[in-house]
Each structure stands twice: as structure tokens, then as C-alpha cells.
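Summary of the model geometry
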There are 2 protein chains.
Amino acid sequence: MTGIRLEPPARLNMNIGEAMFTQRAIRRLKPDPIGDEELKIIMDAASKAPNGGNEQPVRFFVIRAREKIRAFGALYHEAWWAKRLEQRGWSKPEDVPKEDKVYQSAMLLADEMRDAPVVILAFSLAKGRANSVFPPVQNLLLAARALGIGSTLTTLHPKVMERVYEMFSIPGEVEFHCCIPLGYPRGRFGPTSRLPAGQTTFYDEWDHPPPWA
Amino acid sequence: MTGIRLEPPARLNMNIGEAMFTQRAIRRLKPDPIGDEELKIIMDAASKAPNGGNEQPVRFFVIRAREKIRAFGALYHEAWWAKRLEQRGWSKPEDVPKEDKVYQSAMLLADEMRDAPVVILAFSLAKGRANSVFPPVQNLLLAARALGIGSTLTTLHPKVMERVYEMFSIPGEVEFHCCIPLGYPRGRFGPTSRLPAGQTTFYDEWDHPPPWA
């Protein structure tokens, strides 16, 4: 598939190490709008990621209209709670442990998705192409981070999927992959907590750690 | 799941824009070895990517031993040709169009995989977790690019899968996602050709381009 070549946008000038190592999930978003200039940079970055056979099957559906984000936010809220009920048996805010900061902020995002400045849904034109969707998605998230825009990778419970497709007249053969709210952070970016890479990397034999672990 | 925090490695100091916009698939690799210092940086970067619920199901199998890469390379070669036969009806080098530079270099990689300095296979501990594998994979590829190390995202034909699992005693419940050879490039990094992001990005309605397209 043909395409165009682009120079790196001047504003994507953060060190790649800093962007990657401070790419924390940002779930508390300011209502401040995100400009089309920023969105273009972010989507251009997404477009440059590797994908299978350069077929570029990913399609990003950017929700900008306030009333559409509100309508989508109601479905996201329903989906979030449907997943909590299924996985944890939680059905109301009091069920979510107060000390679990991740779940508390994810619950808040379920309330506030309707007020996110921008929501992006990632699809592929054919089924089973996650390997060509998530490299672009990660470029998108890193480029947003480099511009100081927060985001987090979220999903949707199957319960609401049909209604999301109807709401936006999305063709049935197109596959949904993830939901990405964007906004300037109310909190700060910062280090993430992850397993040491030496525990998730094996050298030459399964379950054998690398020499530097 | 708990984890550790890390400072960004000082050597990951390339502008993120340059890394993303020059992340071309590199299929012609020099035999020069890749050090453990570089591999640690690359795998640390992979570990910092977002993943579902911070469950971190990705496992990277790094093949470093020369005789193991040789043995794997033979299976990769067989898999590459099995896929070409299935998709294109090609069974020998003369069948591959001379003017198709991508296929020519992919065919060369099928021959040369056995000589790659390092080959990394990406797995997930459970099935269906591509959304938690490919953000780390993209971090891995970008970090390699930032260190001047070339790579390309490849896959394997199902025909050889069982033998790959046997060769490395990989548990059956673990899912294979992709194969990533690493090496310093014989050619140069440079711009990629991709569809303009305005053609793969929709605003507020399906198939409606953004205002900047």
C-alpha cells in the first residue's frame, strides 16, 4: 500500500526515554480542549508505526462533539460497571476498596468519561489484526505524553458494543480494539511500576533469566 | 501486580519524533553482536508500556546462542515460504517479483534470520492478550531504533509453530505473538511510507475526515 513520507513534527522533541518511562495512565483529565494541531501530530505519529504487510488496517474514530462524548460516556459508564460486576461482584461505589487507588481512579474515569475533551476509539478494518493496531496505539499514547497530554488504554464490555456501533454507524465487519480518552492531566506524569524486565525476559531457555537480572 | 520504578536510561535520548518517524523496517542486519547493556535498555523500555490491568502478561524469549538462532532460522525460512505459497503461490526465489523491494528484502531476511545477532519472540502467558503485548513490542522496537539497532515485526506460519514450541520447551498455554530479529542495519534508517493520517482518522462520524485532512 502506498503512502506519504513526513518529517518528524518539531514539537515531538521529548527524549524517547523520558516519554516511555513516565507514560503513566492518566485518568483524571482537565476539561481544557485539545487543539486540532495537537491531534494532527498525535495521529501522524500513530500512522508511522509498523503494521503487518504495511496494509495499515487501523482506523481511529475521534469523538470531539460534546454531545457525542456525553452519549458515549453513558455507555462507557455502564460498560465499566458491567465489567466490575462480572469480575469482582461490585455494583456500587461503596463496593470498590477505598485503598485501591487504581480502581478508585478508574471508577472516577467511568463517571468523567462524558467530560473528556476527546475520546478516541481504535478499530481495524478486518478482524484479528491487533498486531497492526496496538503499535499505532502505543505511538499515539507516547506522542500524547510528549505533548503533555494524558491518556489511558481502556476497553469496553461486550454488553454495550452493539449500541456503540449503532451510535456512530460503525460498519459491522470493523473490529473494535480499545478506547482512549485524552486530556491534559489534573495530576502529574511520573514513573510507572512494572515488573523488572529481567523477570519477564528469558534468555535462550524458557524461564531462564538474562545475565543482567 | 507490583513492580519497580526506573529512571529513563540516559542512552534513550533521541527525540521521540525522530525515532517514530524514522522507524523503518530493517531487514538487512549486520552480524555485529548486540551487547547485554543494549538489550537491558531495550527490554526495560518494553516493560514500561501500558497493558491491561497492569497484569503484564507479556514474556519475551530472547535467543542469543548461535546454534539456537541457526536452528530457529531454518524454521523461520520454512515458515516464510509456507506463507508465500499459501498467499501468493510462490515456491522459489524466481517467483518473487524483482521490482518488489519489500518482498525481496523479506525473502533475504528469511535466508539470513539464522545469522541475526539476536532474535526475540514475544508471547503472552494467556491467550487473547495482544492488547498487552504490542504496546511493549512497540516500545522495544522504538528503543532499539533509538540505539541505532534495526528490527522488523515478523510472524510465523502455523506450520512450524509446534516445532518452535518444542525447540524451546515453551509451555502450551502460552501464546505466540511475533518474531523480532535485531541487528545493526546494513542500510540506513529513514522515513516510512504510510497513508496520510487524515485518511485513517475519522472525526465524529465514521468515514468523515478530520478538518486538517
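To start, this report covers the structure provided alongside it. Just so it is clear, the structure is predicted and the values come from calculations on it, not from any experiment.

Time to look at the side chain of T192(B). Looking at where T192(B) falls in the secondary structure, it is placed in the loop between β4 (175–183) and α7 (197–200). Apart from residues no more than four positions distant in its own chain, T192(B) is found in contact with I4(A), R5(A), K48(A), F21(B), Q23(B) and R24(B).

Time to look at the interface of chain A and chain B. Taken together, the contact between chain A and chain B spans 76 residues of the former and 76 residues of the latter. Approximately 7000 Å² of surface area, both sides summed, lies buried where chain A meets chain B, with 63% of it carried by carbon and sulfur atoms. Ranking the residues of chain A by area buried against chain B places F21(A), R194(A) and W206(A) at the top, with a combined share of 14%. A salt bridge links K68(B) to E205(A); the nearest nitrogen and oxygen atoms lie 4.0 Å apart. For the pair chain A and chain B, the interface holds 35 residue pairs in polar contact (both at pLDDT 80 or more). At the level of elements, α1 (16–21), α2 (36–47), β1 (58–63), α5 (134–146), α7 (197–200) and β5 (201–203) of chain A are the ones that each hand at least two residues to the side of chain A that touches chain B.

Each strand in a sheet pairs with its neighbour through backbone hydrogen bonds, running either in the same direction (parallel) or in the opposite one (antiparallel). Taking strand neighbours across the sheet as the criterion, the 5 strands line up as β3(A)-β4(A)-β2(A)-β1(A)-β5(B) in an open arrangement whose pairing is mixed. Where the open sheet ends on each side, the last strands, each with one partner, are β3 (150–151) of chain A together with β5 (201–203) of chain B.

This part covers helix α4 (residues 101–112) of chain A. With 12 residues, α4(A) extends 16 Å between its outermost C-alpha atoms, agreeing within 8% with the 16 Å of an ideal straight helix rising 1.5 Å per residue. One side-chain oxygen of the residue at the start of α4(A) lies 3.3 Å from the amide nitrogen of V102(A), identifying that residue as D100(A).

Okay, the pattern of salt bridges next. Going through the model one piece at a time under the given rule, you end up with 23 salt bridges over all chains. A salt bridge links E112(B) to R186(B); the nearest nitrogen and oxygen atoms lie 3.2 Å apart. Placement of the pair is E112(B) in helix α4 (residues 101–112) and R186(B) in the loop between β4 and α7, with a sequence separation of 74 residues. Through salt bridges with shared partners, a single network forms among R11(A), E37(A) and E38(A).

Further remarks concern the nonpolar core. Judged by nonpolar contacts, the single largest core of 74 residues is most densely connected at I120(A), L140(A), L182(A), I120(B), L140(B) and L182(B). Broken down by element, this core gets its largest block of residues, 10 residues, from helix α5 (residues 130–146) of chain B. Contact partners of L182(B), with chain neighbours within four places excluded, come to L29(B), I34(B), L39(B), I42(B), P117(B), V118(B), I120(B), L140(B), A144(B), I149(B), G150(B) and S151(B).

Between chain A and chain B, the superposition needs a rotation of 180 degrees and an axial shift of 0.0 Å, giving an RMSD of 0.0 Å. Those values place the two copies in the arrangement expected of a two-fold rotation axis.

About the cut-offs
- Residues numbered from 1 in each chain as written.
- Chains lettered and ligands numbered in written order.
- Predicted model: local features only at pLDDT ≥ 70, side-chain atom pairs only at ≥ 80, totals over all residues.
- Heavy atoms only, no water.
- Helix = DSSP H or I, 4+ residues; strand = E, 2+ residues; numbered from the N terminus.
- Contact = heavy atoms within 4.5 Å.
- Buried area = accessible area lost by both parts, 1.4 Å probe.
- Salt bridge = Lys/Arg side-chain N within 4 Å of Asp/Glu carboxyl O.
- Polar contact = N/O pair within 3.5 Å; in protein donor to acceptor, adjacent residues only side chain to side chain.
- Pairing = 2+ DSSP bridges.
- Expected span 1.5 Å × (residues − 1).
- Core = buried A, V, L, I, M, F, W, Y, C linked by side-chain atoms within 4.5 Å.
- Buried < 20%, exposed > 50% of the residue type's maximum accessible area, 1.4 Å probe, protein only.
- Least-squares fit on C-alpha atoms with pLDDT ≥ 70 in both.

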